[in-house]
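Report on the structure
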Amino acid sequence: MVERRRLVAGNWKMNGRKAGGVALARDLAERCTSAEALPAEVVVCPPATLIWPVAEAVAGSPLLVGGQDCHAAETGAFTGSVAAAMLAEAGCQYVIVGHSERRRDHGETNADVAAKGRAAVAAGMAPIVCIGESADERDRGEAVAVVCAQLTASLDGLLDRKPTSIRPVVAYEPIWAIGTGRSATPGEIAEMHARIRAHLAVLGGDAQAMRILYGGSVNAGNAAEILALSDVDGALVGGASLKSGDFWCIVTAIS
Ligand code: PGA
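Residues numbered from 1 in each chain as written. Predicted model: local features only at pLDDT ≥ 70, side-chain atom pairs only at ≥ 80, totals over all residues. Heavy atoms only, no water.

1. Section: the packing of helix H1 (residues 18-34) against helix H10 (residues 244-252)
Running from amino to carboxyl end, H1 crosses H10 at an angle of 35 degrees, the nearest separation of the two axes being 10 Å. Where H1 crosses over H10, the handedness of that crossing is right-handed. Where H1 approaches H10, its residues Leu-24, Asp-27, Leu-28, Arg-31 and Cys-32 are matched on the opposing element by Ser-244, Gly-245, Phe-247 and Trp-248. (Axes fitted to C-alpha atoms, helices over the stretch in contact; angles between N-to-C directions. Helix = DSSP H or I, 4+ residues; strand = E, 2+ residues; numbered from the N terminus. Left-handed = near helix turned anticlockwise from the far one by under 90°. Contact = heavy atoms within 4.5 Å.)

Structure (C-alpha coordinates):
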(Lines give C-alpha, C1' and ligand atoms only; values in the text may rest on other atoms or scores of the structure.)
Protein backbone atom coordinates (compact mmCIF):
# COMPACT_ATOMS: atom_id res chain seq x y z
CA MET A 1 0.00 0.00 0.00
CA VAL A 2 1.35 3.41 -0.96
CA GLU A 3 1.31 5.95 1.84
CA ARG A 4 -0.76 8.93 0.78
CA ARG A 5 0.13 12.11 2.64
CA ARG A 6 -3.09 13.80 3.72
CA LEU A 7 -3.81 17.27 2.43
CA VAL A 8 -6.07 19.97 3.85
CA ALA A 9 -6.49 22.98 1.59
CA GLY A 10 -8.32 26.18 2.46
CA ASN A 11 -10.04 27.95 -0.42
CA TRP A 12 -10.52 31.54 0.69
CA LYS A 13 -12.45 32.36 -2.50
CA MET A 14 -12.95 36.13 -2.97
CA ASN A 15 -12.54 37.00 0.69
CA GLY A 16 -10.05 39.01 2.67
CA ARG A 17 -7.75 41.97 2.45
CA LYS A 18 -4.02 42.09 2.85
CA ALA A 19 -3.78 42.70 6.60
CA GLY A 20 -6.35 40.07 7.56
CA GLY A 21 -5.13 37.51 5.03
CA VAL A 22 -1.52 37.82 6.11
CA ALA A 23 -2.54 37.60 9.78
CA LEU A 24 -4.62 34.48 9.15
CA ALA A 25 -1.79 32.83 7.22
CA ARG A 26 0.78 33.78 9.89
CA ASP A 27 -1.40 32.33 12.61
CA LEU A 28 -1.74 29.05 10.68
CA ALA A 29 1.96 28.97 9.89
CA GLU A 30 2.72 29.27 13.59
CA ARG A 31 0.31 26.47 14.42
CA CYS A 32 1.95 24.28 11.74
CA THR A 33 5.43 25.11 13.00
CA SER A 34 4.59 24.36 16.63
CA ALA A 35 2.67 21.16 15.90
CA GLU A 36 4.60 18.14 17.12
CA ALA A 37 3.77 16.14 14.04
CA LEU A 38 1.81 17.80 11.30
CA PRO A 39 -0.86 15.25 10.30
CA ALA A 40 -1.22 16.63 6.77
CA GLU A 41 0.10 19.02 4.22
CA VAL A 42 -1.70 22.28 4.93
CA VAL A 43 -2.34 24.72 2.10
CA VAL A 44 -4.05 28.10 1.92
CA CYS A 45 -5.39 29.41 -1.38
CA PRO A 46 -5.86 33.18 -1.08
CA PRO A 47 -7.27 35.50 -3.76
CA ALA A 48 -4.70 36.30 -6.46
CA THR A 49 -3.58 39.67 -5.12
CA LEU A 50 -2.86 38.20 -1.68
CA ILE A 51 -0.77 35.26 -2.85
CA TRP A 52 2.47 37.16 -2.91
CA PRO A 53 2.25 38.78 0.57
CA VAL A 54 0.87 35.59 2.11
CA ALA A 55 3.63 33.47 0.59
CA GLU A 56 6.25 35.91 1.84
CA ALA A 57 4.72 35.95 5.31
CA VAL A 58 4.79 32.16 5.69
CA ALA A 59 8.04 31.43 3.81
CA GLY A 60 10.13 28.87 5.67
CA SER A 61 7.14 27.48 7.60
CA PRO A 62 5.40 24.20 6.70
CA LEU A 63 2.30 26.10 5.52
CA LEU A 64 1.99 25.93 1.74
CA VAL A 65 0.27 28.33 -0.62
CA GLY A 66 -1.94 27.64 -3.62
CA GLY A 67 -3.84 29.56 -6.28
CA GLN A 68 -7.59 29.33 -6.90
CA ASP A 69 -7.33 29.15 -10.69
CA CYS A 70 -4.83 29.63 -13.49
CA HIS A 71 -4.95 30.21 -17.22
CA ALA A 72 -3.96 27.39 -19.53
CA ALA A 73 -1.68 29.55 -21.67
CA GLU A 74 1.85 30.53 -20.70
CA THR A 75 1.46 34.15 -21.68
CA GLY A 76 -0.55 36.38 -23.99
CA ALA A 77 -3.58 38.58 -24.51
CA PHE A 78 -5.84 37.18 -21.76
CA THR A 79 -7.05 40.22 -19.84
CA GLY A 80 -7.63 39.53 -16.19
CA SER A 81 -6.08 36.07 -16.18
CA VAL A 82 -3.09 34.73 -14.27
CA ALA A 83 -0.69 32.19 -15.78
CA ALA A 84 0.43 29.11 -13.85
CA ALA A 85 4.07 30.22 -13.93
CA MET A 86 3.05 33.54 -12.34
CA LEU A 87 1.46 31.68 -9.44
CA ALA A 88 4.52 29.48 -9.07
CA GLU A 89 6.77 32.53 -9.07
CA ALA A 90 4.62 34.11 -6.35
CA GLY A 91 5.16 31.03 -4.16
CA CYS A 92 2.37 28.58 -5.02
CA GLN A 93 2.87 24.84 -4.91
CA TYR A 94 -0.75 23.99 -5.66
CA VAL A 95 -3.53 25.45 -7.75
CA ILE A 96 -7.24 24.63 -7.69
CA VAL A 97 -8.64 24.06 -11.19
CA GLY A 98 -12.22 23.42 -12.27
CA HIS A 99 -13.92 24.55 -9.09
CA SER A 100 -17.68 24.35 -9.67
CA GLU A 101 -17.97 28.12 -9.18
CA ARG A 102 -15.60 28.64 -12.12
CA ARG A 103 -17.36 26.01 -14.19
CA ARG A 104 -20.68 27.76 -13.42
CA ASP A 105 -19.65 31.43 -13.59
CA HIS A 106 -16.99 31.27 -16.29
CA GLY A 107 -18.31 28.42 -18.42
CA GLU A 108 -15.22 26.30 -17.90
CA THR A 109 -15.45 22.92 -19.58
CA ASN A 110 -13.67 19.72 -18.65
CA ALA A 111 -11.28 20.33 -21.54
CA ASP A 112 -10.47 23.80 -20.17
CA VAL A 113 -9.87 22.28 -16.75
CA ALA A 114 -7.53 19.63 -18.14
CA ALA A 115 -5.57 22.30 -20.04
CA LYS A 116 -5.22 24.33 -16.85
CA GLY A 117 -4.09 21.23 -14.99
CA ARG A 118 -1.41 20.54 -17.58
CA ALA A 119 -0.27 24.18 -17.38
CA ALA A 120 -0.01 23.84 -13.60
CA VAL A 121 2.18 20.75 -13.85
CA ALA A 122 4.35 22.41 -16.49
CA ALA A 123 4.87 25.29 -14.04
CA GLY A 124 5.84 22.88 -11.27
CA MET A 125 2.60 22.97 -9.28
CA ALA A 126 0.17 20.20 -8.43
CA PRO A 127 -3.34 20.91 -9.71
CA ILE A 128 -6.26 20.21 -7.37
CA VAL A 129 -8.83 19.12 -9.94
CA CYS A 130 -12.41 19.65 -8.76
CA ILE A 131 -15.31 17.49 -9.86
CA GLY A 132 -18.80 16.92 -8.49
CA GLU A 133 -22.42 16.41 -9.45
CA SER A 134 -25.38 18.77 -9.08
CA ALA A 135 -28.39 18.01 -6.87
CA ASP A 136 -30.50 17.18 -9.94
CA GLU A 137 -27.91 14.78 -11.25
CA ARG A 138 -27.80 13.01 -7.89
CA ASP A 139 -31.60 12.87 -7.70
CA ARG A 140 -31.68 11.27 -11.15
CA GLY A 141 -29.20 8.62 -10.00
CA GLU A 142 -26.50 9.95 -12.33
CA ALA A 143 -23.94 11.12 -9.76
CA VAL A 144 -21.37 8.38 -10.36
CA ALA A 145 -21.66 8.58 -14.15
CA VAL A 146 -21.32 12.37 -14.12
CA VAL A 147 -18.33 12.34 -11.80
CA CYS A 148 -16.54 9.60 -13.76
CA ALA A 149 -17.11 11.45 -17.03
CA GLN A 150 -15.73 14.64 -15.46
CA LEU A 151 -12.72 12.73 -14.17
CA THR A 152 -11.94 11.22 -17.55
CA ALA A 153 -12.09 14.53 -19.38
CA SER A 154 -10.67 16.83 -16.67
CA LEU A 155 -7.58 14.65 -16.18
CA ASP A 156 -6.83 14.36 -19.89
CA GLY A 157 -3.06 14.33 -20.33
CA LEU A 158 -2.44 14.46 -16.59
CA LEU A 159 -2.16 10.77 -15.75
CA ASP A 160 0.34 9.54 -18.30
CA ARG A 161 3.30 10.91 -16.43
CA LYS A 162 6.40 9.31 -14.98
CA PRO A 163 6.03 8.29 -11.34
CA THR A 164 8.48 10.97 -10.22
CA SER A 165 6.59 13.87 -11.73
CA ILE A 166 3.89 15.92 -10.05
CA ARG A 167 0.66 14.05 -9.35
CA PRO A 168 -2.66 15.83 -9.70
CA VAL A 169 -4.95 15.81 -6.66
CA VAL A 170 -8.66 15.15 -7.15
CA ALA A 171 -11.25 17.04 -5.09
CA TYR A 172 -14.74 15.56 -5.02
CA GLU A 173 -17.10 18.42 -4.26
CA PRO A 174 -20.81 17.74 -4.76
CA ILE A 175 -22.18 21.10 -5.90
CA TRP A 176 -25.18 20.87 -3.57
CA ALA A 177 -22.87 20.59 -0.56
CA ILE A 178 -20.72 23.65 -1.30
CA GLY A 179 -21.43 26.58 0.97
CA THR A 180 -24.80 25.13 2.00
CA GLY A 181 -23.91 23.81 5.43
CA ARG A 182 -25.15 20.42 4.24
CA SER A 183 -22.21 18.13 3.68
CA ALA A 184 -22.61 14.80 1.90
CA THR A 185 -23.09 11.93 4.34
CA PRO A 186 -20.15 9.69 5.22
CA GLY A 187 -21.86 6.91 3.26
CA GLU A 188 -22.23 9.07 0.15
CA ILE A 189 -18.63 10.27 0.43
CA ALA A 190 -17.20 6.78 0.99
CA GLU A 191 -19.09 5.37 -1.97
CA MET A 192 -18.08 8.15 -4.36
CA HIS A 193 -14.43 8.17 -3.30
CA ALA A 194 -14.19 4.42 -3.84
CA ARG A 195 -15.76 4.85 -7.30
CA ILE A 196 -13.33 7.67 -8.09
CA ARG A 197 -10.31 5.59 -7.06
CA ALA A 198 -11.53 2.66 -9.14
CA HIS A 199 -12.06 4.96 -12.12
CA LEU A 200 -8.60 6.48 -11.73
CA ALA A 201 -7.18 2.98 -12.08
CA VAL A 202 -9.26 2.43 -15.23
CA LEU A 203 -7.86 5.69 -16.62
CA GLY A 204 -4.34 4.40 -16.10
CA GLY A 205 -3.51 6.62 -13.15
CA ASP A 206 -1.48 5.49 -10.17
CA ALA A 207 -4.78 5.28 -8.29
CA GLN A 208 -3.35 4.04 -4.99
CA ALA A 209 -0.92 6.94 -4.86
CA MET A 210 -3.34 9.68 -5.90
CA ARG A 211 -5.02 11.80 -3.28
CA ILE A 212 -8.77 12.33 -3.33
CA LEU A 213 -10.06 15.18 -1.19
CA TYR A 214 -13.64 15.77 -0.13
CA GLY A 215 -15.07 19.28 -0.22
CA GLY A 216 -18.47 20.72 0.58
CA SER A 217 -19.43 22.13 4.00
CA VAL A 218 -16.53 20.51 5.85
CA ASN A 219 -16.32 22.11 9.29
CA ALA A 220 -14.83 21.59 12.72
CA GLY A 221 -17.81 19.45 13.72
CA ASN A 222 -17.92 16.95 10.84
CA ALA A 223 -14.25 16.80 9.80
CA ALA A 224 -13.19 13.90 12.04
CA GLU A 225 -15.88 11.58 10.70
CA ILE A 226 -15.26 12.52 7.05
CA LEU A 227 -11.47 12.39 7.28
CA ALA A 228 -11.57 8.96 8.92
CA LEU A 229 -13.03 7.40 5.75
CA SER A 230 -10.48 5.18 4.08
CA ASP A 231 -10.52 6.71 0.59
CA VAL A 232 -10.65 10.29 1.84
CA ASP A 233 -7.15 11.74 1.74
CA GLY A 234 -7.99 15.20 2.97
CA ALA A 235 -10.37 18.10 2.53
CA LEU A 236 -10.90 21.18 0.42
CA VAL A 237 -12.44 23.70 2.78
CA GLY A 238 -14.21 26.94 1.88
CA GLY A 239 -16.06 28.89 4.56
CA ALA A 240 -14.39 27.17 7.52
CA SER A 241 -10.93 28.05 6.18
CA LEU A 242 -11.45 31.76 6.89
CA LYS A 243 -11.09 31.33 10.64
CA SER A 244 -7.80 30.04 11.89
CA GLY A 245 -9.28 28.12 14.83
CA ASP A 246 -11.91 26.36 12.72
CA PHE A 247 -9.47 25.48 9.96
CA TRP A 248 -6.96 24.19 12.47
CA CYS A 249 -9.64 22.00 14.07
CA ILE A 250 -10.14 20.39 10.65
CA VAL A 251 -6.40 19.78 10.20
CA THR A 252 -6.09 18.22 13.64
CA ALA A 253 -9.23 16.12 13.14
CA ILE A 254 -7.00 13.82 11.11
CA SER A 255 -6.18 10.95 13.41
P1 PGA B 1 -17.44 25.18 1.61
O2 PGA B 1 -16.70 25.34 0.20
O3 PGA B 1 -16.48 24.47 2.53
O4 PGA B 1 -17.72 26.58 2.04
O5 PGA B 1 -18.66 24.37 1.37
C6 PGA B 1 -15.91 24.31 -0.32
C7 PGA B 1 -15.34 24.72 -1.65
O8 PGA B 1 -16.02 25.42 -2.40
O9 PGA B 1 -14.21 24.35 -2.00
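There is more to say after this.
2. Topic: the sheet that holds strand S5 (residues 126-131)
Taken in spatial order, the eight strands close into a barrel running S1-S2-S3-S4-S5-S6-S7-S8, and their pairing is parallel. Taking each pair of neighbouring strands and ignoring which way they run, the sheet shows an average axis angle of 25 degrees. By the bridge criterion, four bridges tie strand S4 (residues 94-97) to S5 in an arrangement that is parallel. Bridged to Tyr-94 within S5 is Ala-126. The strands that helix H2 (residues 48-58) touches are strand S2 (41-45) and strand S3 (64-67); relative to S3, the one it contacts most, it runs at about 170 degrees. Contacts between H10 and the sheet are confined to strand S1 (7-11), S2 and strand S8 (234-237), with S1 contributing the most and set at about 160 degrees to the helix. (Pairing = 2+ DSSP bridges.)

3. Topic: the site of the ligand
In the vicinity of the ligand, 13 residues are found, and the nearest of them are Lys-13, His-99, Glu-173, Gly-179 and Ser-217. Within the side chain of His-99, an N or O atom sits 2.6 Å from an oxygen atom of the ligand. Coverage of the ligand by the protein chains reaches 95% of its 280 Å² of free accessible surface. Looking at side-chain class alone, the shell around the ligand contains four nonpolar, seven polar and two charged residues. (Near = heavy atom within 4 Å. Polar contact = N/O pair within 3.5 Å; in protein donor to acceptor, adjacent residues only side chain to side chain. Areas by Shrake-Rupley, 256 points an atom, 1.4 Å probe, with all protein chains shown as cover. Nonpolar A, V, L, I, M, F, W, Y, C, P; charged D, E, K, R; others polar.)

4. Structural notes on the state of the cysteines
Summed over all chains, the structure comprises zero disulfides. This cysteine, Cys-32, is not joined by any disulfide, and Cys-45 carries the nearest cysteine sulfur, 13 Å off. Here Cys-70 stays unpaired: no disulfide links it, and the sulfur of Cys-92, its closest cysteine neighbor, is 9.7 Å away. (Disulfide = S-S within 2.5 Å.)

5. A short note on the side chain of Arg-197
Tracing the chain through its elements places Arg-197 in helix H8 (residues 186-202). A distance of 2.8 Å separates a polar atom in the side chain of Arg-197 from the backbone oxygen of Ala-207. Only 2.8 Å separates the side chain of Arg-197 from the backbone oxygen of Met-210, close enough to count as a polar contact. Non-local contacts of Arg-197, meaning those with residues more than four positions away in its chain, are made with Arg-4, Ala-207, Gln-208, Met-210, Ile-212, Asp-231 and Asp-233.

6. Overview of the environment of Ala-223
Here Ala-223 lies in helix H9 (residues 223-227). The spatial distance from the C-alpha of Ala-223 to the C-alpha of Ala-253 is 6.1 Å, given a sequence separation of 30 residues. Sequence-distant contacts of Ala-223, that is, excluding residues within four places in its chain, are made with Val-218, Ile-250 and Ala-253.

7. Digging into helix H7 (residues 143-154)
Between its first and last C-alpha atoms H7 spans 16 Å; for 12 residues at 1.5 Å apiece the expected length is 16 Å, and the two agree. When we look at burial in H7, the residues that qualify are Ala-143, Val-146, Val-147, Cys-148, Gln-150, Leu-151 and Ser-154. Against the buried residues of H7 lie helix H4 (100-106), helix H5 (110-122), S5, helix H6 (135-139), strand S6 (169-172) and H8. (Expected span 1.5 Å × (residues − 1). Buried < 20%, exposed > 50% of the residue type's maximum accessible area, 1.4 Å probe, protein only.)

8. A word on the environment of Trp-52
Here Trp-52 is to be found in helix H2. Trp-52 sits 19 residues away from Thr-33 along the chain, and the two C-alpha atoms are 20 Å apart. Beyond its immediate sequence surroundings of up to four residues, Trp-52 is in contact with Glu-89 and Ala-90.

9. Here's the deal with H1
Within an α-helix, residues lying three or four positions from one another point in the same direction, as the helix has 3.6 residues per turn. Across its 17 residues, H1 extends 24 Å between first and last C-alpha, which sits within 8% of the 24 Å expected from 1.5 Å per residue. Of the surrounding elements, those touching the buried residues of H1 are S2, H2 and H10.

10. Remarks on the pattern of salt bridges
Tallied over the full model, the rule gives 16 salt bridges. The residue Glu-142 makes a salt bridge to Arg-140 at a minimum N-O spacing of 3.1 Å. Using a relative accessible area of 31% as the deciding quantity, one classes Glu-142 as partly exposed. With relative accessibility at 53%, the residue Arg-140 sits in the exposed group. With a shortest N-O distance of 3.4 Å, Glu-191 and Arg-195 are connected by a salt bridge. (Salt bridge = Lys/Arg side-chain N within 4 Å of Asp/Glu carboxyl O.)

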